[in-house]
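# Analysis of the macromolecular model
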Amino acid sequence: MRSTLKFAVPLAVAALALGACGTKGGETPAPGGTGGAAQAACDLKIGMFGALTGPNANLGIYIQNGVNLALDDYNKKHPNCKVTLENYDSQGLPDQAPALAKKAIDDKKVVGIVGPAFSGESKAADPAFNEAGLVTITPSATATKLSTNGWKTFFRALGNDDTQGPAAAKYIKETVKSTKTFVIDDASEYGKGLADIVRKDLGAQVVGNDTIQQKQTDFSASVTKVVSSGADTLFFGGYSPEAAPLIKQLRDAGWKGTFVVADGVKDQSYIDNAKDAAEGTIITCPCVPPDVAPDFQAAYKAKYNEDPNTYSGEGYDSATILLEGIAAGKDRESMLDFVKSYDKKGVTKQLKFDDKGESADIKVFAYKVEGGKIVGIGEIK
Amino acid sequence: MSTSTPATTTTTGENQDARRPGFKERVNGLPRPVKIALWVAFALFLFLLPLLNIPFVTTEGSDFGGVLFTVATYVLVALGLNIVVGYAGLLDLGYVGFYAVGAYTVGVLSAEHASLPWLLSVPIAIGIAMLSGIILGAPTLRVRGDYLAIVTLGFGEIVRLTLVNTQWLGGAQGISDIPKPPGLELFEVPAIDWSSGAPVVDLDTTSTFLKFGITDFVPYYWLALIVIGLVVLFDVLVKNSRVGRAWEATREDEDVAELMGVPTFRFKLLAFALGAAIGGLSGALFATKSGFINPQSFELILSILFIAAVVVGGAGNRWGIIVGAIVVSYFPERFREFADFRVLVFGLALMLLAIFRPQGILPPRRTLRAKKADERQAILEEGEASA
Amino acid sequence: MQYLLDNFFSFTITGLTIGAVYALVALGYTLVYGVLRLINFAHSEVFMFGTFAALWVVMLLGGKGGGSVGQVIFWVAMMFVAAMAMSGLIAVLLERVAYRPLRKRNAPPLIALISAIGASFVLAELMGLRSRVASWVGLDDNLRDYVRNSRNNAGMPTIIQPQPIFTIGGYHVTNVDILVIVGAIAIMVVLDQFVKRSRLGRGIRAVAMDPESAALMGVNRDRVIQVTFLVGGVMAGAAAVFYMLKIGITRYDAGFILGVKAFTAAVLGGIGNLRGALLGGFVLGLAENYGSALVGTQWKDVVAFVLLVLILLFRPTGLLGESLGKARA
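Residues numbered from 1 in each chain as written. Chains lettered and ligands numbered in written order. Predicted model: local features only at pLDDT ≥ 70, side-chain atom pairs only at ≥ 80, totals over all residues.

## Comments concerning the overall build of chain C
- Of regular secondary structure, chain C possesses 14 helices and four strands.
- In terms of C-alpha radius of gyration, chain C reaches 20 Å, essentially the compact-globule figure of 20 Å for 329 residues.
- By principal-axis analysis of the C-alpha atoms, chain C measures approximately 55 × 55 × 35 Å.
- Looking at chain C as a whole, 60% of its 329 residues qualify as buried.
- The contacts in chain C between residues at least 6 apart in sequence include a share of 75% that link residues at least 24 apart. (Helix = DSSP H or I, 4+ residues; strand = E, 2+ residues; numbered from the N terminus. Rg over C-alpha atoms; globule rule 2.2 N^0.38 Å. Buried ≥ 20, exposed ≤ 12 C-beta atoms within 10 Å, placed from the backbone. Contact = placed C-beta atoms within 7 Å.)

Rendered as structure tokens:
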């Protein structure tokens, strides 16, 4: 009988408590921002949505570093009215994303989201953000399709695969003057999307194709394929964890051609890991070279003791837009129009969005690894 | 919500046989109306759980309704895997394969290549998952136990790699816009708000009974609960039938079972097929709720977690594995504040559970008996050795 | 098909080098399985720790490309010492913490798998969080180069520049290829002799054959099990060195996939069988490379697993049959 009691007592208590306290509803005031008031509302939050733990965490942390830097800047300027960061750690997994999105939506103090970081989780979470009218600015999801769903809250602080792919192909054709190009992708949405565009644009000069898998480390079969194809240039669509061992093993096998990659590889860890093999790698990126924003570069280095990494600058920019919105007294609802009409220079580019939420005016730049550093070598026009 | 069975308290000394009545006996001893009332109250409690927002129990870092739905899919998966691992004694490390088959069948049939209604695509998904279980099982179940583990693990990886590399199945982009199930908007249930310290009924936050939207996961949880109820019922019926006894005989000693006239291979295949079907059903529900699937949701690590759920809970005991599934899926969400250390803490917890509850949280009655017999034998042997 | 034949030697040699790594890791699975009948799921992390030990010792000694012959030999020797010591230590610790308490309690075999999974998570996460771990003990400033970016790749300088030694069928076989393949086989031979001839080796075989009789004959089972884990760990350490020489980049989760492959290799060759592990490793490495050549690199793991299923269907106990020593048929 004891267990019955154990079970019944809390229920009874709960029922009593409910009866005593009654109900609420209807008159709940919306906490946080108050429409067009000039006074910035305090205790507001912005969300950081992406992989912060787990195997995909490094990209998320680079972004988060950028976001935190922007937040520090803001809170220094507004010491009496600080904004806090709420982390929504999806581990990059689409199956965790919807519940986290709901959590962000239910927290009425969250007025904007930086993220979701990956394309997969964006597809899972963005419909909910759209329905709730919560602005999201992704600093890193590049799948072209994301902006074609009619999500009014979707903004992208960087170019998509459709802007970068043709530029990479153009560079390979016109500047590298490649006649035999080999194309490898990593089967990810980002890498394959990009590589397919390059394949299409290069047409007949593609002498071979291969697909590797993320987290693969032994590329001996791909190396053999590249070497035996006689290719003078290799385009790899993917991220730095695979690019570094791939180029290292290619160089070890004596391949001398040009290695061309995209922004997923543009981080210092690529050079740290591939070491000498990384020299001469061409990286395309729809981001303005860092020498344009030396202050950001220096501030980042001072705080994290390393150079800004992939998408750190985009994270900083995305957060800055939202923070300026907060400073201008915007709440969740009015933030949407604020972001839509935003037009200022950020650390990565001119921050302005078109009607689909894409960054307007994307320029793709070429970078080269020289002496262990990624240096800009000009815009790809 | 887990009730510990007093029967598992380690009784040392002579009167081991005089067991105190277990939870089940005590419940069975109650008069019938009380029993029904208890069950109804319990079911009601489960249904209202996401709206009660009980402090401490409710997850802070993620939406509780969404988390509960995830927990429910794990419970469902564990029920299916329990048939394979717990009842038939087959170690399956690739169970995520069937989960993926279920999810992708729904995705392909209702969004990617056709637009079948939900009520039709889910049964087909169950059927195809079952078929894939038979296709995998027919050649491999003849392989010995431990080898089966690696073969099934390979199957799970083959399924995932096929999903990543096949454009027809959406590739890495996955499948979007999977339709919602038809709703039945019957009534609204308000949530409870605890922000003032005491519970208050919050009329602003309500969930509509079985209205399947984008931003409210509670109805999906309710749907999953109903499905779990049906599967548990099915499980009870099968376990207590001739089939259940045949599984038990096969698991304990395959050769003897075969000699006694049990067609062990066929029963193993049946277990595999039923397990696969339930896994497929769970995957189908998952695809329905998320509306978007890609291969990332079907990584090998999930199979490992599924196995962990079953073994941690106590393979063979359906209530045990339900608890195990809750442990494996709920705790990482509840303790999000550990942030970076979540996986580390989870790993430690698994090790501690293994060491301090080696039979699982709620081991099946039979295992307990066997363990007692072992202990008694060990005491006897040691006594002889020291004498 | 023609493509594969044209580049046959290239695919073969590179397949053998990665196969050698699989084989050495597979030994750890096979030894433990032979003695305890359990899948040591955390063995992959033993290997992963070895790769980091090899990497760190090179960083510590300031190893870089273009060293003199003497320097290179010293660096590689230190890599072996560090990686074997680290992996051996982790393996022994694993046995003490994750397996022995279970054995003492007569736990069912499946629960050992859970304990192993837990231990695997713990070990991988400790490495993935090494920057945090370092800051707890207040060493993050001193160890910055060793622990930073702990979730990302960690790369090693190429201390042995691959030089073509001879050319076969258009493929330039490099010094690294030869070192890895010959080194792995040499280590296997030593191990084989150790298990066959030494006292401890006989103990291992005795326990594998029949634990109870072995105990009656005066074999200390706990000690034998410990030695088994140690030997398996040391082998994984050697594999880690070869891996770092060939691939040169590791990560906190680098063990997982490799562990799955190595376990596959062990089963392929016949689990519990040392020579089987060697054969299984090489067969798997070759199958992957040939598969990549024939149907595309993205399908190479599929090829490996399909091969496994086929072999098990026709030879249910693996290529060479299972047995540690000549124990079980």
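On we go from here.
## Here we look at helix α3 (residues 43-60) of chain C
All names here are of chain C.
- Here α3 spans 26 Å end to end across 18 residues, near enough to the 26 Å set by a 1.5 Å rise per residue.
- With respect to burial, α3 is a largely interior element, 16 of its 18 residues being buried.
- Positive backbone phi, approximately 65°, marks Gly 62, located one or two places after α3. (Expected span 1.5 Å × (residues − 1).)

## Some details on the sheet that holds strand β9 (residues 233-237) of chain A
Residues and elements named next belong to chain A.
- Overall, mixed pairing links the seven strands, which are arranged β8-β7-β9-β10-β11-β14-β15 in an open sheet. Only two strands of the sheet have a single partner each, and these edge strands are β8 (206-211) and β15 (373-379). When strand polarity is set aside, the average angle formed by the axes of neighbouring strands in this sheet is 25°.
- Pairing geometry for strand β7 (residues 181-185) and β9, over five bridges, is parallel. When the bridges of β9 are listed, Asp 185 appears paired with Gly 237. (Pairing = 2+ DSSP bridges. Axes fitted to C-alpha atoms, helices over the stretch in contact; angles between N-to-C directions.)

## So, the confidence of the model for chain A
Residue and element names in this part refer to chain A.
- Confidence in the prediction of chain A, expressed as mean pLDDT, is 84, and 88% of residues score 70 or more.
- Between residues 1-21, whose pLDDT stays under 50, and residues either more than four places distant or in other chains, the model counts 13 contacts.
- Low pLDDT (under 50) marks residues 26-38, which in the prediction has 23 contacts with non-local residues, meaning those over four places away or in another chain. (pLDDT = per-residue confidence, 0-100.)

## Brief notes about the domain arrangement of chain A
All names here are of chain A.
- Per the domain assignment, the segments making up chain A are domain 1 (45-159 + 291-348) and domain 2 (162-285 + 365-379).
- A C-alpha centroid distance of 28 Å is found between domain 1 and domain 2.
- In this assembly, eleven residues from domain 1 lie in contact with 13 residues from domain 2.
- Residues belonging to the side of domain 1 that touches domain 2 are distributed by class as follows: one nonpolar, seven polar and three charged. (Domains from an automatic or database assignment. Nonpolar A, V, L, I, M, F, W, Y, C, P; charged D, E, K, R; others polar.)

## Regarding the sheet that holds strand β6 (residues 154-156) of chain A
Residues and elements named next belong to chain A.
- Read across the open sheet, the five strands follow the order β3-β2-β4-β5-β6; overall the sheet is parallel. The open sheet has two edge strands, β3 (84-89) and β6, and neither has a second partner. Ignoring strand direction, the axes of neighbouring strands in this sheet form an average angle of 25°.
- Examined bridge by bridge, strand β4 (residues 110-114) and strand β5 (residues 136-138) share two bridges and lie parallel to one another. Bridge pairing links Ile 113 to Thr 136 in β5.

## Thoughts on the nonpolar core
- Formed by 348 residues in total, the largest nonpolar core has its most connected members in Ala 78 of chain B together with Leu 24 of chain C.
- Viewed by domain, this core spans two of them, domain 1 (45-159 + 291-348) and domain 2 (162-285 + 365-379) of chain A, each represented by three or more residues. (Core = buried A, V, L, I, M, F, W, Y, C linked by C-beta atoms within 7 Å.)

## Digging into the pairing of β9 of chain A
Residue and element names in this part refer to chain A.
- Burial runs high along β9: five of the five residues are buried.
- Residues of β9 alternate between two faces, with Thr 233, Phe 235 and Gly 237 on one and Leu 234 and Phe 236 on the opposite face, all of them buried.
- Of the strand pairs in this sheet, β9 and strand β10 (residues 258-261) are connected by four bridges, and their pairing is parallel. By the bridge assignment for β10, Leu 234 is matched with Phe 259.
- Handedness of the β-α-β unit built from β9, helix α8 (residues 240-252) and β10 comes out right-handed. (Right-handed = clockwise from strand over helix to strand, strands pointing away.)

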